[in-house]
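What follows is each chain in one-letter form.
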Amino acid sequence: MGHPASLRRGRSRPTGGASSSWDDTLPAGARYPARVSLTEDRSPTPLLPEGAPPAFHLLAKPTGAVCNLDCTYCFFLSKEMLYPGSRFRMADELLETYLQQLIEAHANAPEVAVAWQGGEPTMMGLDFFRRSVELAERLKLPHQRIVYTVQTNGTLLDDEWGAFFAEHGFLVGLSIDGPREMHDAYRVDKGGKGSFDRVMEGLAALQRNAVEWNALTTVHAANQHRGREVYRFLRDDCGAGFMQFIPIVERTTPELLPVANEGWGEHVRDRPLYTQQGDLVTERSIGPEGYGRFLIDVFEDWVRHDIGEVYVQMFDVALANWYGEPPGLCVHSETCGLALALEHTGDLYSCDHFVEPDYKLGNITESRMIDLIVLPQQRAFGEAKRDTLPRYCLECDVRFACHGGCPKDRFTTTPDGEPGLHYLCPSYKAFFGHIRPTMETMCELLRVGRAPAELVGRYAAEDAQRGRKDPCTCGAGRKWKHCHGAA
């Protein structure tokens, strides 16, 4: 059910999975046991290293960067350049090594998340996933439960996939960017054709088989001004009860900008390997204020109708930070470093956004996964999120809710010229500032054992007194009757 300050219902969970911050997983002053033995029937008995976290999140990429689509904003398509000549398929031997090490590294955890991503992981075929489930269930420790998640573009899904996901309790993260015109703006196939119809067919297969799913929606130049429309489409047309809104920020340099604007697929001539460098963004990227405007637009609709009915990741994360609970999302945690990425070769990287040579920790066929995770360089990577904040952030009144955002996007400067400010700082300040009164009220309700959903009635009473020509409460400058007061 999540932390006490949760807006969620049921057992659904975000595809982000476990906590991804060192500071979130260990209580203050606690230490993980230096020696932890596993099941007695395994030989030799592995030991966990001093300082090993009790849990972490790992996105495994069985096809590497290979995908059947060619989404123009997908920087990860360029990561195939890291492995020239590869077949881009995780071998069966590596699959077993990965699952065994993942399970053993969670020896003291009751739950282990096996999370698949890509590229497009379903290109591996169903037999690969059947083997993975069979192996995981055989390798798990007696006290452990395995939870399965997969992030997919949905275009290859059918009823056979749906039945498999339902049988094994998979949580499916489905990429969909809104109605057809917004989705097809950038989510295209190798021939440049939109993927909307195929995604909706895949969604229908999930729904026919009662598969639990989340909408993974990127926010970019084509939909950043239409938050309410996107939200209502996901809620009403798609039946989404769980949504994640992910800002697209494609970072680049002046020299690479013309090429970057063409995309990151293999069709782009002289495409570079995407790395976290430069202080410019592509034309597809969301604007510095756009993400905040989008979230506020969604929030003003959600808070009036859907508290307790629809889960929006950013709202739940915000409430957790206001309530003083770990948010469970690295972007808005104080530190990070426990959300890693595993390539199809066994290479382990510090983070899914830092799959590049400087952040490769090693290979799990040569070193144990948990030994790589506790390397000083990985701990330093996670703690730098807190330790490199500019003074402007340290003195910000919403720092506790924001924590400076993801380090990958800290490439702008503060008003007084200090480097290291997040590109979306204007968005975060606007959004967290806007929702502050509501979050504070929700916390008051939770502390006395009452449901945040009570606010729906309060908003309805206030809105009944609002004039049709009054300014809309979202702050966009439109009249109430033409904005969130519209029928």
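Note that the structure is a prediction, hence the values are computed from the model and not measured.

Peer 1: Can you help me understand empty space enclosed by the protein in this one?
Peer 2: To locate leftover empty space, one rolls a probe as large as a water molecule over the atoms. Going through the model one piece at a time under the given rule, you end up with 3 cavities of 30 Å³ or more. Counted as a void, the second largest cavity has a volume near 130 Å³. Together, 14 residues line the second largest cavity, and C393, C396, C402, G404 and C425 are the ones closest to its centre. Mapped onto the lining of the second largest cavity, the elements with two or more residues apiece are α13 (391-394), α14 (399-402) and α15 (425-447). Ranked by the residues each element gives to the lining of the second largest cavity, the list is headed by α15, at 3 residues. Residue composition of the lining of the second largest cavity, by class: 8 nonpolar, 4 polar and 2 charged.

Peer 1: Just to check I follow, could you spell out the pairing of strand β2 (residues 111-116) for this structure?
Peer 2: If a strand is regular, its side chains alternate between the two faces of the sheet. Taking burial as the measure, the 6 residues of β2 include 5 buried ones, the bulk of the element. Bridging between strand β1 (residues 57-60) and β2 involves 2 bridges; their strand directions are parallel. For L59, the partnering residue across the bridge sits in β2 and is A115. At this point the chain moves from β1, through helix α2 (residues 92-105), to the parallel β2, and the crossover so formed is right-handed. Here β2 runs beside strand β3 (residues 145-152); their pairing, made up of 6 bridges, is parallel. Counterpart to V112 in the pairing with β3 is I146. Crossover connection from β2 via helix α3 (residues 126-139) to parallel β3: handedness right-handed.

Peer 1: I keep staring at the environment of P247 and nothing clicks. Help me out?
Peer 2: Along the chain, P247 turns up in strand β6 (residues 242-247). With 44 residues separating them in the primary sequence, P247 and Y291 have C-alpha atoms 6.5 Å apart.

Peer 1: Sorry if this is basic, but what is going on with the sheet that holds β2 here?
Peer 2: Strands belonging to one sheet form pairs held by backbone hydrogen bonds; the direction of such a pair is parallel or antiparallel. Spatially, 10 strands are ordered β9-β6-β5-β4-β3-β2-β1-β10-β11-β12 in an open sheet, and the strand pairing comes out mixed. With partners counted over all chains shown, the strands left at the sheet margins are β9 (311-312) and β12 (360-363), one partner each.

Peer 1: So what exactly am I meant to see when it comes to the packing of aromatic side chains here?
Peer 2: The description of two aromatic rings rests on the distance between their centres and on the angle between their planes. For the structure on display, the rule yields 30 aromatic pairs. With 5.1 Å between their ring centres and 45 degrees between their planes, F165 and F170 make a pair best called tilted. For the pair F242 and Y311, a centre-to-centre distance of 5.6 Å together with 50 degrees between the ring planes defines the contact as tilted. With F242 in strand β6 and Y311 in strand β9, this residue pair connects regions lying 69 residues apart in the sequence. Of the residues examined, F242 reaches a relative accessible area of 13% and is grouped as buried. These aromatic residues form a ring-pair network of at least three members: Y98, W116, F128, F129, Y148, W161, F164, F165 and F170. Taking the ring centre of F76 as reference, the NZ or CZ of K61 above it sits at 4.1 Å. The positively charged end of R466 is found above the aromatic ring belonging to W480, 5.0 Å away from the centroid.

Peer 1: How should the nonpolar core be read in this particular structure?
Peer 2: Proteins that are soluble and globular tend to have nonpolar side chains buried together. Y98, W116, F245 and F432 are the most contacted members of the largest nonpolar core, which has 104 residues in total. A per-element tally of this core places α15 first, with 9 residues. Among residues more than four places away in sequence, those in contact with F432 are M314, A318, W322, H332, V398, A401 and C402. Core analysis: the next-biggest nonpolar cluster, separate from the first, contains 18 residues, L69, L77, Y83 and A341 among them.

Peer 1: Quick question: what am I supposed to make of the environment of H168 here?
Peer 2: Assignment of secondary structure puts H168 in the loop between α4 (159-167) and β4 (171-175). Between the alpha carbons of H168 and L94 there is a distance of 22 Å; along the sequence they are 74 residues apart. Once residues within four sequence positions are removed from consideration, H168 is found in contact with V133 and Y148.

Peer 1: Any chance you could explain the pattern of salt bridges here in plain terms?
Peer 2: Side-chain pairing between opposite charges can occur once the charged atoms of the two side chains come close. On inspection of all chains with the given rule, the structure shows 32 salt bridges. Two residues, R436 and E440, come together in a salt bridge whose shortest N-O distance is 3.9 Å. In this pair, R436 and E440 are both assigned in helix α15, 4 residues apart and thus about one turn of the helix distant. Residue R436 is classed as partly exposed on the basis of its relative accessible area, which comes to 22%. Judged by its relative accessible area of 36%, E440 is partly exposed. The network of salt bridges with common partners includes R232, R235, D236, D301 and D306.

What counts, and where the lines are drawn
Residues numbered from 1 in each chain as written. Predicted model: local features only at pLDDT ≥ 70, side-chain atom pairs only at ≥ 80, totals over all residues. Heavy atoms only, no water. 1 Å grid on protein atoms, 1.4 Å probe; cavity = no way out; pocket = protein on both sides within 12 Å on 5 of 7 lines; lining within 4 Å. Points joined across faces, edges and corners; volume = space filled by probe spheres on them. Helix = DSSP H or I, 4+ residues; strand = E, 2+ residues; numbered from the N terminus. Nonpolar A, V, L, I, M, F, W, Y, C, P; charged D, E, K, R; others polar. Buried < 20%, exposed > 50% of the residue type's maximum accessible area, 1.4 Å probe, protein only. Pairing = 2+ DSSP bridges. Right-handed = clockwise from strand over helix to strand, strands pointing away. Phe/Tyr/Trp six-rings, centres within 6.5 Å; stacked < 30°, edge-to-face > 60°. Lys NZ or Arg CZ within 6 Å of the ring centre and 35° of its normal. Core = buried A, V, L, I, M, F, W, Y, C linked by side-chain atoms within 4.5 Å. Contact = heavy atoms within 4.5 Å. Salt bridge = Lys/Arg side-chain N within 4 Å of Asp/Glu carboxyl O.

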